[in-house]
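Residues per chain are reported as follows:
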Amino acid sequence: MLCRNKKINKEKERSKALDATLKNEKKKLDRVQQILLLGTGEAGKTTIIKQMKIIHINGFSEEEKKEKIPNIKQNVHESIYTLLYNMNKINPPTTLESKNCGLGEYILRLGEATPQEFTDEYYSAVKVLWSDSGIKETFKRSNEFQLIDSAAHFLDRIDALSNPNYIPTVQDMLYCRTMTVAISKIEFTIPYKGQMIDFWMYDVGGQRGERKKWISVFEGIGAILFLIAASDFDQTLREDGVTNRLKEGFKVFTDIFWSRFVRNAGKIVFLNKQDILKRKIESGKRLEIYFPEYENYDKMETNPYHRAKNFMRHTILEIASSKKPESVEFMPDVDITQNVKSELLFVHFTIATDTSNVKLVFNDIKDIIIAINLGNSGLI
Ligand SMILES: Nc1nc2c(ncn2[C@@H]2O[C@H](COP(=O)(O)OP(=O)(O)OP(=O)(O)O)[C@@H](O)[C@H]2O)c(=O)[nH]1
Ligand SMILES: [Mg+2]
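Residues numbered from 1 in each chain as written. Chains lettered and ligands numbered in written order. Predicted model: local features only at pLDDT ≥ 70, side-chain atom pairs only at ≥ 80, totals over all residues. Heavy atoms only, no water.

- Looking up the protein in an unreviewed UniProt entry gives the name Guanine nucleotide-binding protein G(s) subunit alpha, with the organism given as Pyrocoelia pectoralis.
- As recorded by UniProt, the Subcellular location (unreviewed entry) comment attached to the protein reads in full: "Cell membrane".
- Of the protein, the UniProt comment under Sequence similarities (unreviewed entry) reads exactly: "Belongs to the G-alpha family. G(s) subfamily." (UniProt positions renumbered as here; feature names shortened; annotations may be inferred.)

In structure tokens:
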């Protein structure tokens, strides 16, 4: 009799514990999933935020699209001006076709700042210059100076932009480049196993001067989405024109991965701009010039693009298993930790400007983020 009672009590206890766990789990799931986007300048963080707005909220209204027009025009002018300006700065220099020299001088005379008015004369000059063989050559060598990644997209679309009734397309909205200088947050709700889960995603600026602000958003973060522009391997930083951009991306990731403040956060790396990386590798650009260790990496892989992207994933996994930094350079207040759970690291290859790609990847990572959050509560 006594024994039976004991058994019932045990079962009761177990069921009570289970109830508590479920309740706890539900509470945890009711809690907001906070994701912080990090990475160096121009890695694609704000583009991911725009995709969340397209995929999980209401996209862009007509009003929001119209508001972007001045910014898009600024991207056009910055692109053509930068190309022209650098023609005689790069070594060896490039030259315009002689028939287009006057047009080139006309644009340069307007100066670096975006003109007040975009006249027909302006649009037709840009159109002719963009098809000039010297400009094409300069564009191919744009890793030798600082050109925004949206240049080709907007210069290709100059006809559409010159239409007085022009309204930006969703792609135009995704390509339009603005440097982030303030921290912003986007909120959305998505269904998960019969419940609605709230997500808060934070966007920050990635340039050197912006990184000291990151610490202010570390608290309560369940997951860090770290963006690295994989195509950056042959470019230098806009901030100093010297440091290799991809190396800076790996360095900043190392600092974040090992910092105590975000020790328990899940870390998801997006090796972004795969479209540009593929184009560069297939056009013969060589990774080993910038990363000598690439020479001996997986010589069995015959597809050069696959070999390049796998090398970058390998570098990330190496950082997570060995390269512990002495301190976090750009955030001296942040401690380095010994105890990072490297099983909380996930690496994806992405194209942030491609909505269907981001949709697929986000679908994967949302499960991971929720699982990590439950894991941190000791539930799984
Ligand atoms: N082709 C291509 N362009 C991309 C991709 N991801 C981002 N871009 C473009 O790269 C530029 C920079 O992207 P942003 O999202 O502004 O970069 P960010 O990380 O927010 O940069 P900061 O705010 O300076 O830290 C924009 O013009 C984007 O459209 C990609 O996967 N492929
Ligand atoms: Mg940004």
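Having seen the structure, we can now continue with the description.
**Describing the overall build of the protein**
Right, so step 1: In terms of helices and strands, the protein carries 14 helices and 6 strands.
Right, so step 2: Its C-alpha atoms give the protein principal-axis dimensions of about 105 × 50 × 40 Å.
Right, so step 3: A total of 380 residues make up the protein; the buried ones form 49% of that total.
Right, so step 4: In the protein, the proportion of contacts linking residues at least 24 apart, taken out of those at least 6 apart, comes to 77%.
Right, so step 5: As displayed, the protein offers around 19,400 Å² of accessible surface, 51% of which is attributable to carbon and sulfur atoms. (Helix = DSSP H or I, 4+ residues; strand = E, 2+ residues; numbered from the N terminus. Buried < 20%, exposed > 50% of the residue type's maximum accessible area, 1.4 Å probe, protein only. Contact = heavy atoms within 4.5 Å. Areas by Shrake-Rupley, 256 points an atom, 1.4 Å probe, with all protein chains shown as cover.)

**Quick word on the UniProt feature "binding site: Mg(2+)" (unreviewed entry) in the protein**
Right, so step 1: In the numbering adopted here, UniProt assigns the feature "binding site: Mg(2+)" (unreviewed entry) to Thr-46 and Thr-180. The largest pairwise C-alpha distance within this set of annotated residues, which runs over 135 residues, is 7.6 Å, so the set is compact in three dimensions.
Right, so step 2: Along the polypeptide, Thr-46 turns up in helix H2 (residues 45-56).
Right, so step 3: Given a relative accessible area of 27%, Thr-46 falls into the partly exposed group.
Right, so step 4: In contact with Thr-46, not counting residues within four places along its chain, are Thr-180 and Asp-203.
Right, so step 5: Tracing the backbone through its elements, the reader meets Thr-180 in the loop between helix H10 (170-175) and strand E2 (184-192).
Right, so step 6: Given a relative accessible area of 16%, Thr-180 falls into the buried group.

**Topic: the packing of helix H4 (residues 69-86) against helix H6 (residues 120-130)**
Right, so step 1: Put simply, H4 and H6 touch, their axes get as near as 11 Å, and they point 50 degrees apart. Viewed along their axes, H4 and H6 adopt a mutual orientation that is oblique. Between H4 and H6 lies a crossing of left-handed hand. Side by side, H4 and H6 meet where Lys-73, Val-76, His-77, Ile-80, Leu-83 and Leu-84 of the first sit next to Tyr-122, Tyr-123, Val-126, Leu-129 and Trp-130 of the second.
Right, so step 2: Each residue belonging to the contact of H4 with H6 can be placed in one class, and the counts come to 9 nonpolar, 1 polar and 1 charged. (Axes fitted to C-alpha atoms, helices over the stretch in contact; angles between N-to-C directions. Parallel < 35°, antiparallel > 145°, perpendicular 65-115°, else oblique. Left-handed = near helix turned anticlockwise from the far one by under 90°. Nonpolar A, V, L, I, M, F, W, Y, C, P; charged D, E, K, R; others polar.)

**As for the coordination of the magnesium ion (ligand 2)**
Angles between donor atoms at a metal ideally measure 109.5 degrees for a four-coordinate tetrahedral arrangement and either 90 or 180 degrees for a six-coordinate octahedral one.
Right, so step 1: The coordination sphere of the magnesium ion (ligand 2) contains the protein donors Thr-46 (OG1) and Thr-180 (OG1), at a distance range of 2.0 to 2.1 Å. A residue pair is termed long-range when its members are at least 10 positions apart, and Thr-46 in helix H2 and Thr-180 in the loop between H10 and E2 qualify at 134 residues. (Donors = N, O, S within 2.8 Å, 3.2 Å for Na, K, Ca; no water.)

**Let's talk about the site of ligand 1**
Right, so step 1: Close contacts around ligand 1 come from 24 residues, with Lys-45, Thr-47, Tyr-175, Gly-206 and Asp-275 the closest.
Right, so step 2: With respect to ligand 1, the side chain of Thr-46 contributes an N or O atom lying 2.9 Å from an oxygen atom.
Right, so step 3: For ligand 1, whose unbound accessible area comes to 660 Å², protein coverage reaches 98%.
Right, so step 4: Only H2, H10 and helix H12 (274-282) provide two or more residues apiece to the shell around ligand 1.
Right, so step 5: In terms of residue count, H2 provides more of the shell around ligand 1 than any other element does, 3 residues in total.
Right, so step 6: For the shell around ligand 1, the residue count by class is 7 nonpolar, 11 polar and 6 charged. (Near = heavy atom within 4 Å. Polar contact = N/O pair within 3.5 Å; in protein donor to acceptor, adjacent residues only side chain to side chain.)

**Examining the environment of Phe-311**
Right, so step 1: Within the element layout of this structure, Phe-311 appears in helix H13 (residues 304-321).
Right, so step 2: Distance in space between the C-alpha atoms of Phe-311 and Glu-293 is 9.7 Å, their sequence separation being 18 residues.

**Details of helix H7 (residues 133-140)**
Right, so step 1: Turning to H7, its buried residues are Gly-134, Ile-135 and Thr-138. Here the buried residues of H7 occupy an arc of 95 degrees about the axis, which is enough to place them on one side.
Right, so step 2: Contacts from the buried residues of H7 go to H4 and H6.
Right, so step 3: Its side-chain oxygen at 2.6 Å from the backbone nitrogen of Gly-134, Asp-132 defines the N-terminal cap of H7. (Arc of directions from axis to C-beta.)

**Focus on H6**
Right, so step 1: Along H6, the residues classified as buried are Tyr-122, Tyr-123, Ala-125, Val-126, Leu-129 and Trp-130. The buried residues of H6 all sit within an arc of 160 degrees when viewed along its axis, so they share a single face. Residues of H6 that are exposed and point over 90 degrees away from its buried face: Asp-120 and Glu-121.
Right, so step 2: Contacts made by the buried residues of H6 are with H4, helix H5 (101-110), H7, helix H8 (151-156) and helix H9 (158-162).

**Some words on the pairing of strand E3 (residues 195-203)**
Right, so step 1: Both strand E1 (residues 33-39) and E3 contribute to a ladder of 4 bridges, which runs parallel. Looking at the pairing, Leu-36 lines up with Tyr-202 of E3.
Right, so step 2: When E2 meets E3, the two strands line up antiparallel, connected through 9 bridges. Of the residues in E3, the one forming a bridge with Ile-190 is Ile-197.
Right, so step 3: What sits between E2 and E3 in their antiparallel hairpin is a turn of 2 residues, with Lys-193 showing a positive phi close to 45 degrees. (Pairing = 2+ DSSP bridges.)

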